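# Descriptive analysis of the structure
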Amino acid sequence: MNSNNLITNSYKNKPSSLGHSHIVPLDFTNMVTVPDSHEWVTESVPVIDLSDPNAKTLIGEACEKWGAFQVMNHGVSMELLNQAELEAFRFFSLPANQKLRVLRSPESIIGYGVPRISSYFPKLLWSENFTMMGSPIDHAAQLWPDQPHKQTTFCDVMEECQKEMKALTERVVELMLESLGLTMEDLKWHSRGQCLFTLNSYPMCPEPERAMGLCPHTDTSLLTVLYQSSCTGLQVFQDVIGWIPVPPIPGAIVINIGDLMHILSNGRFKNILHRAVVNKTRHRVSFAVIYGPPSDEMISPLTKFTNDEHPPLYRPVNWKDYIYSKALHGNKALLHLMN
Ligand SMILES: O=C(O)CCC(=O)C(=O)O
Ligand SMILES: [Fe+2]
């Protein structure tokens, strides 16, 4: 038997479910669109249905493997998310001099301006941001002094959206803890958790490949819960694979694990490195609840995660000091906390 025969026989003998269509190529010149059978989809962060009885386990796995996931059936009203998106577009579409009335002062965390994380990076970001804590009533009065109706609509929508997204955040934190056999009671401060509510805007960019909406970063928070509607832009980094888009899924909300949750879990839950890219044809808006402990509460690895073999990886820190450290050291802030 010559070698050619040997090879032929090995194909013939191989049990195979491959049919005729896998031998004859497509008629490429006559294809108008790529059929589903040819579309290669990159794996992305898991999508978890919160009404699934297995949700807690799936969340635990997603936290360890990815540090990010999307949730469906999350309890935040779709109508409210759409209204908040509309209000966000309205706000960012105001003339610059009107938005500047609510410019964030250097020592404040709330108001309009460049994203807070801009200070970690040497170049300006192609984005703007408006951050609230509780009611934005004072800022709304400055934005629309003669239009009380606009003030009321903006505040009602922002407050309600913040409230519902915060409730979701707390539910997800609880599920994360439960996935490890813990409860909210293990977080002594759990009834005093606080959040910022932030609107992000990434205007159309003439040369998207030369600019960045948000540079690669991890969030300082425990958890960031983000709604991104229908425009792509968010990407997460996975070792070996590289940057992966987090596709907008109608109705879904994105959960990103921040540095403080990574510290609490003694490194078991990943803090996800992510960025936002810009595009040429669409103005993208996203909004998020940035959730964390009371500013002065010391956060350190929970004892459940530490033992002789796994000593605490990080020294205790409070959110306030950690934000300060992040502004100084950027993405290296965690290294400065290592034991
Ligand atoms: O707009 C996005 O998709 C990402 C926003 C983000 O990373 C942040 O607000 O920290
Ligand atoms: Fe972020």
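See the structure printed just above.
The numbering scheme is per chain: residues are counted from 1 as the chain's sequence reads. Whichever chain is written first is A, and whichever ligand is written first is 1; the rest continue in order. Under the rules for a predicted model, residues below a pLDDT of 70 receive no local features and side-chain atom pairs below 80 are neither given nor counted, while totals for whole chains, interfaces and linings still include all residues. Hydrogens and waters are ignored; side-chain quantities use all the structure's heavy atoms.

### Topic: the overall build of the protein chain
Secondary structure elements are taken from DSSP: a helix is a run of H or I of four residues or more, a strand is a run of E of two residues or more, and numbering for both begins at the N terminus. When you go through the protein chain residue by residue, the secondary structure sums to eight helices and 12 strands. C-alpha atoms of the protein chain, sized along the principal axes, occupy 90 × 60 × 40 Å. By the burial criterion, 47% of the 339 residues in the protein chain qualify as buried. Expressed as a percentage of contacts within the protein chain between residues at least 6 apart in sequence, the contacts between residues at least 24 apart total 74%. Considering the protein chain, the positive charge centre built from 28 side chains and the negative charge centre built from 34 side chains are found 6 Å apart. Relative accessibility under 20% of the residue-type maximum defines a buried residue, over 50% an exposed one, and the middle range a partly exposed one, all with a 1.4 Å probe and only protein chains included. Contacts are assigned to residue pairs that have any heavy atoms within 4.5 Å of one another. A positive count includes Lys and Arg, and a negative count includes Asp and Glu. His and the chain ends are not counted in either. By convention, charge coordinates are those of NZ in Lys, CZ in Arg, CG in Asp, or CD in Glu.

### A look at the pairing of strand 8 (residues 234–238)
Of all five residues in strand 8, four are buried; the element is thus mostly enclosed. In short, DSSP must find at least two bridges between two strands for them to pair. Across three bridges, strand 8 lies against strand 11 (residues 274–276) in antiparallel orientation. Paired with Gln235 across the two strands is Arg275, which belongs to strand 11. Between strand 8 and strand 9 (residues 242–245), which pair antiparallel one after the other, the connecting turn spans three residues, and Val240 there sits at a positive phi close to 70°.

### Some details on the coordination of the iron ion (ligand 2)
His217 (NE2), Asp219 (OD) and His274 (NE2) make up the full set of protein donors to the iron ion (ligand 2), lying at 2.1 to 2.2 Å. In this description, a donor is an N, O or S atom within 2.8 Å of the metal centre, a cutoff extended to 3.2 Å for sodium, potassium and calcium. Water is not part of the atom list, which can make sites seem incomplete. Summarised as a motif, the one-chain spacing of the donors to the iron ion (ligand 2) is H-x1-D-x54-H. For the pair shown, His217 and Asp219 are each scored as buried.

### Some points on the site of ligand 1
Near residues are defined by distance, with any heavy atom within 4 Å of the molecule or strand qualifying the residue. Surrounding ligand 1, one finds Asn200, Tyr202, Leu214, His217, Asp219, Leu226, Leu234, His274, Arg284 and Ser286. Residue Tyr202 places a side-chain N or O atom 2.6 Å away from an oxygen atom belonging to ligand 1. By the criterion applied in these results, polar contacts are pairs of N or O atoms within 3.5 Å in which, for protein atoms, one can donate a hydrogen and the other can accept it, and in which residues neighboring in sequence qualify only through two side-chain atoms. Between ligand 1 and His217 there is a distance of 3.3 Å, counted from an oxygen atom to a side-chain nitrogen or oxygen. Burial of ligand 1 by the surrounding chains reaches 94%, relative to a free accessible area of 290 Å². Here a cavity denotes grid points, spaced 1 Å and computed from the protein atoms alone, that fit a 1.4 Å probe unable to get out, and a pocket denotes an open set having protein on both sides within 12 Å along at least 5 of 7 lines; residues with an atom within 4 Å of a point are the lining. Should more than half of a molecule's atoms lie within 2 Å of a pocket's or cavity's grid points, that molecule is taken to sit in it. When atom positions are compared with the pocket grids, ligand 1 is found to occupy the largest pocket. Where accessible areas are quoted, they stem from the Shrake-Rupley method and a 1.4 Å probe; at the residue level, only the protein chains shown are allowed to cover.

### Here we look at the packing of helix 2 (residues 55–65) against helix 6 (residues 148–178)
Helices that pack against each other are described as a pair by the angle of their axes relative to one another and the distance between those axes. Contact geometry for helix 2 and helix 6: axes closest at 8 Å, N-to-C directions at 85°. Classified by the interaxial angle, the pair formed by helix 2 and helix 6 is roughly perpendicular. Along the contact surface, helix 2 presents Lys56, Ile59 and Cys63, while helix 6 presents Leu175, Met176 and Glu178. When grouped by side-chain class, the residues that make up the contact of helix 2 with helix 6 number four nonpolar, no polar and two charged. Here an axis means a line fitted to C-alpha atoms, over the contact stretch when the element is a helix, while the angle between two N-to-C directions is reported on a 0 to 180 degree scale. Angular relationships are summarised with four words: roughly parallel below 35 degrees, roughly antiparallel beyond 145, roughly perpendicular across 65 to 115, and oblique for the angles in between. Gly falls in the polar group here, along with every residue not listed as nonpolar (Ala, Val, Leu, Ile, Met, Phe, Trp, Tyr, Cys, Pro) or charged (Asp, Glu, Lys, Arg).

### Quick notes on helix 3 (residues 78–92)
How far a helix is expected to stretch is found by multiplying one less than its residue total by 1.5 Å. With 15 residues, helix 3 extends 21 Å from end C-alpha to end C-alpha; this agrees with the ideal 21 Å at 1.5 Å per step. Residues of helix 3 that are buried: Leu80, Leu81, Ala84, Glu85, Glu87, Ala88, Phe91 and Phe92. One side of helix 3 holds all its buried residues, which, seen down the axis, span an arc of 165°. Note that the arc is computed from the directions linking the helix axis to the C-beta atoms.

### Some remarks on the side chain of Gln235
Mapped onto the fold, Gln235 is located in strand 8. Polar contacts involving the side chain of Gln235 include one to the side chain of Arg275, which spans 2.7 Å. Discounting residues that sit within four places of it in the chain, Gln235 has contacts with Trp243, Ile244, Pro245, Val246, Leu273, His274, Arg275 and Val277.

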